Amino acid sequence: MKFMVIVKANRDTEAGVMPSTELLAAMGKFNEEMVKAGVMQAGEGLHPTSKGARVKYAGGQSMVSRGPFGLSSDLVAGFWLIETKSLDEAIDWMKRAPFDGGSEIEIRQVFAAEDFGEALTPELRERGERLRAQVGRK
């Protein structure tokens, strides 16, 4: 099962406060453990929303808003893409992440092709597989 682990933003991440050398070292060690175990597929930190934008779609139109955006529970500071046997295993891994100080993460399962049922026709499935191969993902 594939999961996206969403690292929630906080005042520090939104202010552009960079992690300490100690936290970077601990995070590197944790990431290395996940890679060696075959769990981690990707992981990145994100710049604050002051360097980002949102695009809203309505009535065939799109409207762009540039950051910064107010601090709320929907802001993301980083993510991992991991693959484990279950949500419980994903939770076990993330309980080991070197966070403190009120940090929060969210773990969400990524849809697999079979989750879409008959709506994902053989032609659409093949197109998706071809695109994933082009970007180097399984």
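Before reading further, recall that the structure is shown in the block above.
Below is a short write-up of the structure. Within each chain, residue numbers correspond to sequence positions counted from 1 in written order. Whole-chain, interface and lining totals are the exception, using all residues; otherwise, since this is a predicted model, local features are given only for residues with pLDDT of at least 70 and side-chain atom pairs are given and counted only at 80 or more. Based on all heavy atoms of the structure, the side-chain values leave hydrogens and waters out of the count.

1. Thoughts on the overall build of the chain
Assigned secondary structure in the chain consists of 4 helices and 6 strands. Secondary structure elements follow DSSP: runs of H or I of four or more residues count as helices, runs of E of two or more count as strands, with numbering from the N terminus. Along its sequence from the N terminus, the chain presents helices and strands in the succession β-α-α-β-β-β-β-α-β-α. Principal-axis analysis of the C-alpha atoms places the extent of the chain at approximately 50 × 45 × 25 Å. Each residue's exposure class comes from its accessible area (1.4 Å probe, protein chains only) as a fraction of the maximum for that residue type: buried when under 20%, exposed when over 50%, partly exposed otherwise. Of all 138 residues assigned to the chain, the portion counted as buried reaches 22%. For the chain, long-range pairs separated by at least 24 residues make up 73% of all intrachain contacts whose partners lie at least 6 apart in sequence. For the chain, the computed accessible surface area is about 10,000 Å², with 54% contributed by carbon and sulfur atoms. Put simply, the chain has 19 plus and 20 minus side-chain charges, and the middle of one group is 4 Å from the middle of the other. Residue contacts are defined here by distance: any two heavy atoms, one from each residue, within 4.5 Å place the two residues in contact. Using a 1.4 Å probe, the Shrake-Rupley method yields the accessible areas, and only the shown protein chains count as cover for residues. Positive: Lys, Arg. Negative: Asp, Glu. His and the chain ends are not part of the count. For the purpose of locating charges, the reference atoms are NZ of Lys, CZ of Arg, CG of Asp and CD of Glu.

2. Some remarks on the pairing of strand β1 (residues 2-8)
In terms of burial, β1 is largely enclosed, as 6 of its 7 residues are buried. Here 7 bridges tie β1 to strand β5 (residues 76-83), and the two strands are oriented antiparallel to one another. Among the inter-strand pairings, V5 is bridged to a residue of β5, identified as W80. For two strands to pair, DSSP has to find at least two bridges joining them. The pairing of β1 with strand β6 (residues 105-109) spans 5 bridges and is antiparallel. What sits directly across from M4, in β6, is R108.

3. Regarding unusual backbone geometry
Put simply, G67 and P68 share a cis peptide bond, and its omega is 10°. Looking at the element boundaries, P68 is found in the loop between β4 (61-66) and β5.

4. Topic: the side chain of E14
Here E14 is to be found in helix α1 (residues 11-14). The charged side chain of E14 is buried without a salt bridge, its nearest counter-charge being R54 at 7.9 Å. Sequence-distant contacts of E14, that is, excluding residues within four places in its chain, are made with A9, P48, T49, F69, L71 and L75. For salt bridges, the criterion is a side-chain nitrogen of Lys or Arg within 4 Å of an Asp or Glu carboxyl oxygen.

5. Topic: the environment of V76
Counting through the fold element by element, V76 comes out in strand β5. Residues V76 and L131, 55 residues apart in the sequence, show an inter-C-alpha distance of 26 Å. With residues near it in sequence (within four places) discarded, V76 still touches I6, V7, A9 and L46.

6. Brief notes about helix α4 (residues 122-134)
By this rule the span expected of a helix is its residue count minus one, scaled by 1.5 Å. In a regular helix each residue adds 1.5 Å, so 13 residues correspond to 18 Å; α4 covers 18 Å between its end C-alpha atoms and thus fits that length. Residue G136 follows α4 closely and has a positive phi angle near 80°.

7. Considerations on the environment of M27
Relative to the elements of secondary structure, M27 occurs in helix α2 (residues 21-36). Between the C-alpha atom of M27 and that of A15, which follows or precedes it by 12 residues, the distance is 20 Å. Contact partners of M27, with chain neighbours within four places excluded, come to W80, P98 and F99.

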